[in-house]
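Here is what each chain is made of, one letter per residue.
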Amino acid sequence: MEISLLQKARYAYVPKLPEMLRNGIADISVLEGEETTSAADCEKIKALFPNTYGKREIVFQKGQNTSKTQKQIVGVILSGGQAPGGHNVICGLYDALKSTNPENELYGFKNGPIGLIEDNYIVFNDDYINEYRNTGGFDIIGSGRTKLETNEQFAIVAEVCKKHGITAIVIIGGDDSNTNAAVLAEYFASHNTSVQVIGCPKTIDGDLKNEDIECSFGFDTATKTYSELIGNIARDANSAKKYWHFIKVMGRSASHVALECALETQPNICLISEEVAAKKMSLSQIADYIADSVEKRAAQGMNFGIAIIPEGVVEFVPEFSVLIQEINELLAGSKADAFNALPTWNDKYAYIEKGLTKESMEVFAILPQGIQQQLFLERDPHGNVQVSLIESEKLFSALVKDKLAARKQAGTYNGKFNPIHHFLGYEGRCAFPSNFDSDYCYSLGYNAFMLIQYGYNGYLSKISNLSKPAKEWIAGGMPITKMMNIERRHGEDKPVIKKALVELDSKPFKFFETHRETWAVDTCFVYPGAIQYYGPVEVCDITTKTLALEQN
Ligand code: FBP
């Protein structure tokens, strides 16, 4: 297989571990902390997790090894969307397992959780693993979004574990996958299977974070990749001076990715969905907010700019989410067929006009026709509008265009507005992991094995103190139930890990808030450039601005 020179060089990169893990199991002991509770709804979570609730937080330290000596056969899965560094979690796990006992084995179940159900796996060896060290992607075993959540599925997984003599499963995933890891851990404990389950926090979205998880892996590399591209676009904008770039960035509901990219690049505009919701902003108010920046810059002869739009923003606009609910109702069940059978868009429009409330129709009417049609085309398997597929970057530039046309008529604006649209998402999810993600992921995997070796079940591999050099990182584990609360999902009360949205009193948001008025009018762009893997530590190992602001 042909490989790039960078890939070849990255094979040789030795990821940095926290000091306390550097000599392997021989030199590792456990410091137990307090018994834990859950993030909220303690009694309910305790009742649902009688065997795994309330366990102690633990930290590893240098000391006498007292772990069990049994041969370990570990299974690993990658779950959900790709995030840079996933391969290194597996490499760290593999190295820890083999250096502890060469007889230990690592099974990689393919294509996500479904691999465990279908008993579809490979057994890793050095040659296989070495081809994936410090590389991006999840292609080492593939990933998938099947959920492991029913007792029937768990029973099959238990059978598969029994068949191979598997002693532990490591689930590398986001909040939902780790919630399911906790449920699986409880199932194993209550069925006396002795199989352990350990989770690792993954997602570029950055929304799996709390007082224990400082950041999910992949966020660092993905945001650095997007920031490089946004910086390049900003420099082009500042050179040509003729385009406004509307750049949507991935991140699902949370705006952590957008905020981090804004802190890195200092665009003129960055919407933060959580703020839109808190201020109950309407589409028209958001469009006015952007148009103000366009107008003020135009008054200084700058008919160009950068606006960052978080992927999920429209869901946070109250009037838009009501519109979506009404559209879902309008097309529920067989009504969708009747709608689709209407021959022309005019007929469909008349049907919509009749079905929506006056308020929602007013919102619908101001949308560009392309977006209106998208709302009726893109449906998920339950028949609901797929909000994440809405081209919000085009929606907002169209709304801004209308605002500017009105301002031109009123004589307050006399500039030129040429928007260009971008969507940055898949470009960042499989990038070569930054040194930070290479080190962090390798440490998470290595540490996951130490948790297995010490017999923990239902724990998340935890590496903290991340804004410091890797040597000073702290390795340990946290019961997953500590991060859980009860939420209403699909009409049912469910125990879930709380999703972390951007907090409006957090230091990263406050920093952004303090500077954004200046950024909106002046040209303050910062051009971060490409991720650097070799060179000065202060360039190559730097963490995100979000983490730096949160921790200092
Ligand atoms: P995870 O939550 O599984 O980590 O996925 C993150 C993400 O990249 C989101 O930012 C994005 O909305 C979604 O996955 C896209 O999913 P898909 O890969 O299925 O298109």
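Counting starts from 1 at the beginning of each chain's written sequence and moves along it residue by residue. Restriction of local features to residues with pLDDT of at least 70 applies here, the model being predicted, together with a cutoff of 80 or more for giving and counting side-chain atom pairs; totals for whole chains, interfaces and linings are based on all residues. Computation of side-chain values covers all heavy atoms of the structure but excludes hydrogens and water.

Participant: Can you help me understand the overall build of the chain in this one?
Facilitator: Helix numbers and strand numbers start at the N terminus; a helix is a DSSP run of H or I with at least 4 residues, a strand a run of E with at least 2. If you tally the helices and strands in the chain, you get 23 helices and 15 strands. We take the radius of gyration over the C-alpha atoms and set the globule estimate at 2.2 Å times the residue count to the 0.38 power. Computed over its C-alpha atoms, the radius of gyration of the chain comes to 25 Å, within 12% of the 24 Å expected for a compact globule of 552 residues. Accessibility here uses a 1.4 Å probe with only protein chains present; expressed as a share of the type maximum, an area under 20% marks a residue as buried, one over 50% as exposed, and anything in between as partly exposed. When the 552 residues of the chain are sorted by exposure, 56% land in the buried category. In the chain, of all internal contacts separated by at least 6 residues, the share reaching a separation of at least 24 is 78%. Positive charges are assigned to Lys and Arg, negative charges to Asp and Glu, while His and the chain termini are left out of the count. Charge positions come from single atoms, namely NZ of Lys, CZ of Arg, CG of Asp or CD of Glu. Of the side-chain charges in the chain, 55 are positive and 69 negative, and the distance between the mean point of each set is 2 Å. By the convention used here, residues are in contact when the closest approach between their heavy atoms is within 4.5 Å.

Participant: Just to check I follow, could you spell out empty space enclosed by the protein for this structure?
Facilitator: Of the grid points, spaced at 1 Å and generated over the protein atoms alone, those admitting a 1.4 Å probe that cannot get out make up cavities, while open sets with protein on both sides within 12 Å along at least five of seven lines make up pockets; any residue with an atom within 4 Å of a point is treated as lining. Grid points are joined across faces, edges and corners, and a volume is the space filled by probe spheres set on the points. Evaluation of the coordinates by the stated rule reveals one cavity of 30 Å³ or more. Taken together, Gly-206, Lys-209, Glu-214, Cys-215, Phe-219, His-256, Thr-544, Thr-546, Leu-547 and Glu-550 make up the lining of the largest cavity. The dominant element in the lining of the largest cavity, judged by the number of residues it contributes, is helix α23 (residues 545-551), at three residues. Classification convention: Asp, Glu, Lys, Arg as charged; Ala, Val, Leu, Ile, Met, Phe, Trp, Tyr, Cys, Pro as nonpolar; all other residues, Gly among them, as polar. Its residues assigned to classes, the lining of the largest cavity shows three nonpolar, four polar and three charged.

Participant: Please explain the layout of surface pockets as it appears in this structure.
Facilitator: In this approach the atoms are scanned with a rolling probe the size of a water molecule, which exposes any empty space left behind. Counted as a void, the second largest pocket has a volume near 550 Å³. Residue lining of the second largest pocket: 22 residues in total, with Lys-209, Asn-210, Glu-211, Ala-500 and Glu-503 positioned closest to the centre. Listing elements by their share of the lining of the second largest pocket, those giving two or more residues are α9 (256-265) and α23. With three residues, α23 is the single largest residue contributor to the lining of the second largest pocket. In the lining of the second largest pocket, the residues fall into eight nonpolar, five polar and nine charged.

Participant: Hey, could you run me through the side chain of Gln-153 in this one?
Facilitator: Looking at the secondary structure, you find Gln-153 in helix α6 (residues 151-164). Taking the relative accessible area as the measure of exposure, Gln-153 reaches 17% and is therefore buried. Side-chain atoms alone can form a polar contact between residues adjacent in sequence; in general such a contact is a pair of N or O atoms within 3.5 Å, and within protein one must be able to donate a hydrogen while the other accepts it. At 2.9 Å, the side chain of Gln-153 and the backbone oxygen of Lys-147 are in polar contact. Filtering out sequence-adjacent residues up to four positions away, Gln-153 remains in contact with Ile-117, Lys-147 and Leu-148.

Participant: Would you explain helix α18 (residues 392-410) in this entry?
Facilitator: An α-helical turn contains 3.6 residues, so a residue and the one three or four places further along point in the same direction. By definition here, a helix of n residues has an expected span of 1.5 Å times n minus one. In a regular helix each residue adds 1.5 Å, so 19 residues correspond to 27 Å; α18 covers 27 Å between its end C-alpha atoms and thus fits that length. If you check which residues of α18 are buried, you get Ser-392, Glu-393, Leu-395, Phe-396, Ser-397, Leu-399, Val-400, Leu-404 and Arg-407. At the C-terminal side of α18, Gly-411 shows a positive phi close to 85 degrees.

Participant: What am I meant to see in the pairing of strand β4 (residues 105-109) here?
Facilitator: Counting buried positions along β4 yields four of five residues, so the element is predominantly enclosed. Strand pairing is assigned whenever DSSP detects at least two bridges linking the two strands. In this structure, strand β3 (residues 73-78) lies alongside β4, joined through four bridges in parallel fashion. Bridging across to β4, Ile-73 finds its partner in Glu-105. A clockwise course of the path from the first strand over the helix to the second, judged with the strands pointing away from the viewer, identifies a crossover as right-handed. For the crossover from β3 across helix α3 (residues 86-100) to β4, the handedness is right-handed. Relative to strand β5 (residues 121-123), β4 runs antiparallel, the two sharing three bridges. Bridging from a neighbouring strand, Gly-108 pairs with Ile-122 of β5.

Participant: Where do I start with the sheet that holds strand β2 (residues 56-62) in this structure?
Facilitator: Across a sheet, strands are paired by hydrogen bonds formed along the backbone, either parallel or antiparallel in direction. The strand order across the open sheet built from nine strands is β1-β2-β13-β12-β7-β6-β3-β4-β5, with neighbouring strands paired in mixed fashion. Looking at which strands have only one partner, the edges of the open sheet turn out to be β1 (28-35) and β5. Across the sheet, the axes of successive neighbouring strands diverge by a mean angle of 25 degrees, strand direction being ignored. Summarising the sheet, β2 and strand β13 (residues 474-479) pair through two bridges and their orientation is antiparallel. Following the sheet pairing, Val-59 is matched in β13 by Gly-476. Strands in contact with helix α20 (residues 435-453) are β1, β2, β3, β6 (168-173), β7 (196-201), β12 (459-464) and β13; relative to β12, the strand with the most contacts, it is inclined by about 135 degrees. Every axis in this analysis is a line fitted to C-alpha atoms, fitted for helices over the stretch in contact. Angles between the N-to-C directions lie between 0 and 180 degrees.

Participant: I'm lost on the site of the ligand in this one. Help?
Facilitator: One heavy atom suffices: a residue is near a molecule or strand as soon as one of its heavy atoms comes within 4 Å of it. In the neighbourhood of the ligand, 13 residues make up the surrounding shell, with Gly-81, Arg-145, Asp-205, Tyr-426 and Arg-429 lying closest. Within the side chain of Asp-205, an N or O atom sits 2.6 Å from an oxygen atom of the ligand. Contact distances for the ligand include 3.3 Å between an oxygen atom and a backbone N or O atom of Gly-251. Out of a free accessible area of 490 Å², the ligand has 79% covered by protein chains. Looking at the shell around the ligand residue by residue, the classes come out as three nonpolar, four polar and six charged. Computed with a 1.4 Å probe, the accessible areas rest on the Shrake-Rupley method; for each residue, only the protein chains presented here act as cover.

Participant: Explanation requested: the side chain of Glu-264 in the structure shown.
Facilitator: Assignment of secondary structure puts Glu-264 in helix α9. What counts as a salt bridge is simple: a side-chain nitrogen of Lys or Arg found within 4 Å of a carboxyl oxygen of Asp or Glu. It turns out Glu-264 is buried and unbridged, and the closest side chain with the opposite charge, Lys-545, is 4.6 Å from it. Ignoring sequence-local partners within four residues, the contact set of Glu-264 consists of Ser-227, Val-526, Pro-528 and Lys-545.

Scope: geometric values only; no functional claims are made or implied.
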